[in-house]
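Below are the chains, spelled out letter by letter.
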Amino acid sequence: MKIEEIKRVLADFTLFRELNDFEITKISDIAIAREWKKHSHVFLQGDPLENVYFIYEGKIKIYKSDINGKEQIVAIAKKGEMFPHVGFFRKGDYPAYAEVLESSTLIAVPISKFETVLIENPELCIKVFKVLGEKIVDLQNRLEEQILNNTYEQINKLLIRLAQKHGKEQEDGTILLKSEFTNKDLANMIGTTRETISRTLTKMKKDELIEVDEEGNMIVDVEILMEEINLI
């Protein structure tokens, strides 16, 4: 991908939309576009923290792993998003793994050079830290869910979150959530077991809170799920 194309791609990111041509060129000049194959890793937990990545195409799973190999999914990043959300103005290592869920095209920007651009562009710096703040709030909400809600409520809220972020709205107002997340993935997102997810989803289908089509895609009505939470 040539510099002019990288500039065009980055200009479409919400983060950079208000930058002028000179400012976006500064970032494009230090950026490198690269394609990643499915199941490969962009970086491993513990690798030196070097780049921030912008997703042009594809989907990336950010997850942590303990010494026993137990996986905890932190986030699923998609087109138009950046990752990781740590590392600015500090030295260190990547705190998690970044696995490619589907063939992806990423634009890598060295953090040290990106920091210089941020310092030179206060408005961009504010935007970046606003994104970081939103991620912190999301993580806080998820932590509260684990502390204050039982497993059924956590799964309910997880489906709502996934539907709103990754689903496709249908004509009848329901949301189609493609079968890209396995029960193990769902379990790793909230720290429960695959068996618990399976039992809960079976109960929710029986109670007509969700539907599953012939291809295994989930059909979710967010309002119904929210009402279910309020009734508990």
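As a reminder, the structure under discussion sits directly above these lines.
Note that the structure is a prediction, hence the values are computed from the model and not measured. (Residues numbered from 1 in each chain as written. Predicted model: local features only at pLDDT ≥ 70, side-chain atom pairs only at ≥ 80, totals over all residues. Heavy atoms only, no water.)

### Overview of the overall build of the chain
Phase 1 of the analysis: For the chain, the helix and strand inventory stands at 8 helices and 10 strands.
Phase 2 of the analysis: Projected onto its principal axes, the C-alpha positions of the chain cover 55 × 45 × 30 Å.
Phase 3 of the analysis: A sequence separation of at least 24 residues applies to 70% of the contacts in the chain between residues at least 6 apart.
Phase 4 of the analysis: Only carbon and sulfur atoms are counted for the fraction: they give 51% of the accessible area of the chain, which is about 13,400 Å².
Phase 5 of the analysis: Looking at charge distribution, the chain has the averaged site of its 32 positive side-chain charges lying 5 Å from that of its 41 negative ones. (Helix = DSSP H or I, 4+ residues; strand = E, 2+ residues; numbered from the N terminus. Contact = heavy atoms within 4.5 Å. Areas by Shrake-Rupley, 256 points an atom, 1.4 Å probe, with all protein chains shown as cover. Lys, Arg positive; Asp, Glu negative; His and termini not counted. Charge placed at Lys NZ, Arg CZ, Asp CG, Glu CD.)

### Some remarks on the packing of aromatic side chains
Phase 1 of the analysis: Following the criterion strictly, the structure yields 9 aromatic pairs and no others.
Phase 2 of the analysis: Directly above the aromatic system of Trp36 lies the positively charged group of Arg34, at a separation of 3.8 Å from the ring centroid.
Phase 3 of the analysis: The ring of Tyr63 carries Lys61 above its face, with NZ or CZ at 5.0 Å from the centroid. (Phe/Tyr/Trp six-rings, centres within 6.5 Å; stacked < 30°, edge-to-face > 60°. Lys NZ or Arg CZ within 6 Å of the ring centre and 35° of its normal.)

### Focus: the nonpolar core
For soluble globular proteins, nonpolar side chains are generally found buried alongside one another.
Phase 1 of the analysis: In this structure, Phe16, Phe54 and Phe114 are the most contacted members of the largest nonpolar core, which totals 41 residues.
Phase 2 of the analysis: Elements that contribute at least two residues to this core include exactly helix H1 (3–11), helix H2 (21–29), strand E2 (41–43), strand E3 (51–65), strand E5 (82–83), strand E6 (97–110), helix H3 (111–120) and helix H4 (122–148).
Phase 3 of the analysis: Ignoring sequence-local partners within four residues, the contact set of Phe54 consists of Leu10, Phe13, Leu15, Phe16, Glu81, Met82, Thr105, Leu106, Ile107, Val109 and Phe114. (Core = buried A, V, L, I, M, F, W, Y, C linked by side-chain atoms within 4.5 Å. Buried < 20%, exposed > 50% of the residue type's maximum accessible area, 1.4 Å probe, protein only.)

### Remarks on the environment of His39
Phase 1 of the analysis: Tracing the backbone shows His39 in the loop between strand E1 (32–36) and E2.
Phase 2 of the analysis: Judged by relative accessible area, His39 falls into the exposed class, the value being 54%.
Phase 3 of the analysis: For His39 and Lys61, which are 22 residues apart along the polypeptide, the C-alpha to C-alpha distance reads 9.8 Å.
Phase 4 of the analysis: Setting aside chain neighbours within four positions, we find His39 in contact with Glu99 and Val100.

### Description of a nonpolar patch on the surface
Phase 1 of the analysis: On the surface, Phe89, Ile119 and Phe129 cluster together into a nonpolar patch covering about 300 Å² of accessible area.
Phase 2 of the analysis: If you trace the backbone, Ile119 turns up in helix H3.
Phase 3 of the analysis: With a relative accessible area of 59%, Ile119 lands in the exposed category. (Patch = residues over 30% accessible without salt bridge, like charges linked within 9 Å, V, L, I, M, F, W, Y side chains within 5 Å. Salt bridge = Lys/Arg side-chain N within 4 Å of Asp/Glu carboxyl O.)

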